[in-house]
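The lines below spell out each chain.
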Amino acid sequence: MYPDIYTLTLDDDPMIHAIIAAAMGVPSLSFTHPDALRRALPELDPIALFIDINLEADVSGLDLIPELRKRWPSCPLLVVTSDPSDDALGGALAAGANDFIRKPINRNELLARVKARMTEMARQAGSTQLVLGPLTFNRLHRSLEYRRERRYLTPQGACLLECLIEAQGMAVPRVDLKRRIWSNVKIGDNALDKKVHELRSALRELTADIHVQAIYGVGLSIRYQPTGTEIEVER
Amino acid sequence: MNYPWPIFDPSVLEELDSYTKAHGEEPLSIELKQIFFKRCPEIYQRLKSGAQVQSIQEITFAAHTLKSSAANIGLTRLAKQCEKLEDACRARHDMTNMLQLIEELEEMVGASFEALHTYPSPDFNTAALH
């Protein structure tokens, strides 16, 4: 089983996996050989990719980059390198990488580059951002941003938030939410409750001003209610 | 021999520890040190094996890998020495020069291990490592 939200790292140095996970604040699925990553591709859905192109003496991550780009056209793909003047870096960027990050990894640089690439790719993909008060939700990368802080959602959590924001404060019936998130697959209320919990937890970590409200017999809604103002009680 | 770089720059691990401490997790340096203690002798062995068979490709790869690992955790002198060796390989220096650099590395690996073991002692004295 994979975690709900994760990045993906291909590097023969296990330290890099640990450092990227700690710096990004989300787990990083670790691969040390391109073949292992290639086999796992169909099951994966990362929020960002970090690829070392100089692996073993005769193994390179370079050949894999076009496949990764084809699989995830909108996912930031950064080359991890200890030598930014490496000739292979140009090849990696031409093959579909968006950027590079130098070793040893600096967290501020890493986060800035990932954020910049996400913003750039979102712009290229058209209107992918939804706004609720000072909260910005990027559909493409399933990221929530509030005053420079950022959290990521699972695909289902992102879909739930998207539905609620699009409803502009109106309550959305649970049955409609389940249909939108899971299509025609029969899902119990527990699954939806788990996603509501995930969304509330992510929001709570960012701000106390945005609330997901459950309205008995009606459905769910999302509201921006700045602290200090009274929350409207629905009946 | 005098080197212009310190054996160990603890600020690198302090910075990395701040990533996990912010989330109330175990310091990242614990895991990184474990990885290094396990991995460094393996890479160094590979370096020596490469030197024995005079394989420039193998020496370059091992030097590159050790450079990166050392730099990750603030082992500045070791990283710089590996970089010197990697550059010598790429410039096709003669093997005698490379063997000399590899010999110097052996001593440096020992000193790097000692320095890492002291982190993060409360009475950690960085001056002693210069």
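It should be emphasised that the depicted structure is a prediction, and the values quoted were computed from it without experimental measurement.

**Q** Honestly, the interface of chain B and chain A in this entry has me stumped. Any pointers?
**A** Accessible area lost during the coming together of the parts is what is often quoted as the interface size. In this complex, chain B contributes 21 residues to the contact, which on the side of chain A involves 20 residues. Buried area between chain B and chain A, both sides added, is near 1800 Å², and the carbon and sulfur share of it is 60%. Ranking the residues of chain B by area buried against chain A places Y19(B), F61(B) and N72(B) at the top, with a combined share of 33%. For the interface between chain B and chain A, the tally reads one salt bridge. With a shortest N-O distance of 3.4 Å, D13(A) and R39(B) are connected by a salt bridge.

**Q** Please clarify how helix α8 (residues 189–206) of chain A should be interpreted in this entry.
**A** Side chains three or four residues apart in an α-helix point the same way, a direct result of the helix having 3.6 residues per turn. All names here are of chain A. Relative to the 26 Å expected for 18 residues at 1.5 Å per residue, α8 spans 26 Å between its end C-alpha atoms, a close match to the ideal helical length. Within the sequence span of α8, burial applies to L192, K195, V196, E198, L199, A202, L203 and L206. Buried residues along α8 cover an arc of 155° about the axis, so they all sit on one side. Across from the buried face of α8, at angles greater than 90 degrees, the exposed residues are N190, K194, H197, R204 and E205.

**Q** Mind showing me how you'd approach the sheet that holds strand β7 (residues 135–138) of chain A here?
**A** Whenever strands of a sheet pair, they do so through backbone hydrogen bonds, lying parallel or antiparallel. Residues and elements named next belong to chain A. Sheet architecture is open: four strands sit in the order β6-β7-β8-β9, paired in antiparallel fashion. Only two strands of the sheet have a single partner each, and these edge strands are β6 (129–132) and β9 (149–152). Taken over all neighbouring pairs, the strand axes of this sheet differ in orientation by 20° on average, direction set aside. Sheet topology note: the β7/strand β8 (residues 143–146) ladder contains four bridges and is antiparallel. Considered in β8, the bridge of T136 is made with E145. Here helix α5 (residues 107–124) sits on the sheet in contact with β7, β8 and β9, set at roughly 70° to β9.

**Q** Looking at this model, I keep getting lost on the nonpolar core. Mind explaining?
**A** Nonpolar side chains tend toward joint burial in soluble globular proteins. In terms of nonpolar packing, the biggest core is built from 60 residues, with M24(A), F50(A), L32(B), F36(B), L47(B), L78(B) and L85(B) touching the most fellow members. Going through the elements one at a time, α1 (14–24), β4 (77–81) and α5 of chain A together with α1 (10–21), α2 (28–52), α3 (56–72), α4 (76–90) and α5 (95–118) of chain B are the ones with two or more residues in this core. With residues up to four places along the chain from it excluded, the contact list for F50(A) reads T7(A), L8(A), T9(A), L10(A), I20(A), M24(A), L78(A), V80(A), L110(A) and V114(A). Within the second largest apolar cluster, 29 residues are counted, among which are L130(A), L153(A), C159(A) and L220(A).

**Q** Even after reading the chapter, I still don't get the packing of aromatic side chains, so can you show me in this structure?
**A** The description of two aromatic rings rests on the distance between their centres and on the angle between their planes. All names here are of chain B. In total, this model carries three aromatic pairs over all chains according to the counting rule given. On the numbers, 5.8 Å between centres and 55° between planes, the contact of F36 with F113 is tilted. Of this pair, F36 sits in helix α2 while F113 sits in helix α5, placing them 77 residues apart in sequence. Grouped by ring-pair contacts, the aromatic residues F36, F37 and F113 constitute a single cluster.

**Q** Is there a simple way to explain the side chain of E109(A) in this structure?
**A** Residues and elements named next belong to chain A. Within the secondary structure, E109 is located in helix α5. Accessibility expressed as a relative area gives 16% for E109, which makes it buried. Setting aside residues no more than four positions away along its own chain, E109 makes contact with I101 and R102.

**Q** It is not clear to me how the environment of S143(A) should be interpreted in this structure. Could you clarify?
**A** Residues and elements named next belong to chain A. Mapped onto the fold, S143 is located in strand β8. With a relative accessible area of 3%, S143 lands in the buried category. When the C-alpha atoms of S143 and G217 are compared, they prove to be 30 Å apart, with 74 residues separating the residues in sequence. Setting aside chain neighbours within four positions, we find S143 in contact with T136, F137, N138, R150, R151 and Y152.

**Q** When you look at unusual backbone geometry in this model, what are you seeing that I'm missing?
**A** Excluding glycine, residues mostly carry a negative phi; peptide bonds, for their part, are mostly trans. The omega torsion across K103(A) and P104(A) is -5°, close enough to zero to call that bond cis. With respect to the helices and strands, the residue P104(A) is situated in the loop between β5 (99–102) and α5. The omega torsion of the bond from Y119(B) to P120(B) falls at 0°, within 30 degrees of zero and hence cis. Checked against the element boundaries, P120(B) lands in the segment after α5. Here R142(A), not a glycine, exhibits a phi torsion of approximately 55°, which is positive. Classification of R142(A) by relative accessible area gives buried; the value is 8%. At Q54(B), a residue that is not glycine, the phi angle is positive and equals roughly 55°. Secondary-structure assignment places Q54(B) in the loop between α2 and α3.

Rules of the game
Residues numbered from 1 in each chain as written. Chains lettered and ligands numbered in written order. Predicted model: local features only at pLDDT ≥ 70, side-chain atom pairs only at ≥ 80, totals over all residues. Heavy atoms only, no water. Contact = heavy atoms within 4.5 Å. Buried area = accessible area lost by both parts, 1.4 Å probe. Salt bridge = Lys/Arg side-chain N within 4 Å of Asp/Glu carboxyl O. Helix = DSSP H or I, 4+ residues; strand = E, 2+ residues; numbered from the N terminus. Expected span 1.5 Å × (residues − 1). Buried < 20%, exposed > 50% of the residue type's maximum accessible area, 1.4 Å probe, protein only. Arc of directions from axis to C-beta. Pairing = 2+ DSSP bridges. Axes fitted to C-alpha atoms, helices over the stretch in contact; angles between N-to-C directions. Core = buried A, V, L, I, M, F, W, Y, C linked by side-chain atoms within 4.5 Å. Phe/Tyr/Trp six-rings, centres within 6.5 Å; stacked < 30°, edge-to-face > 60°.

By themselves, these observations are geometric and do not establish any function.
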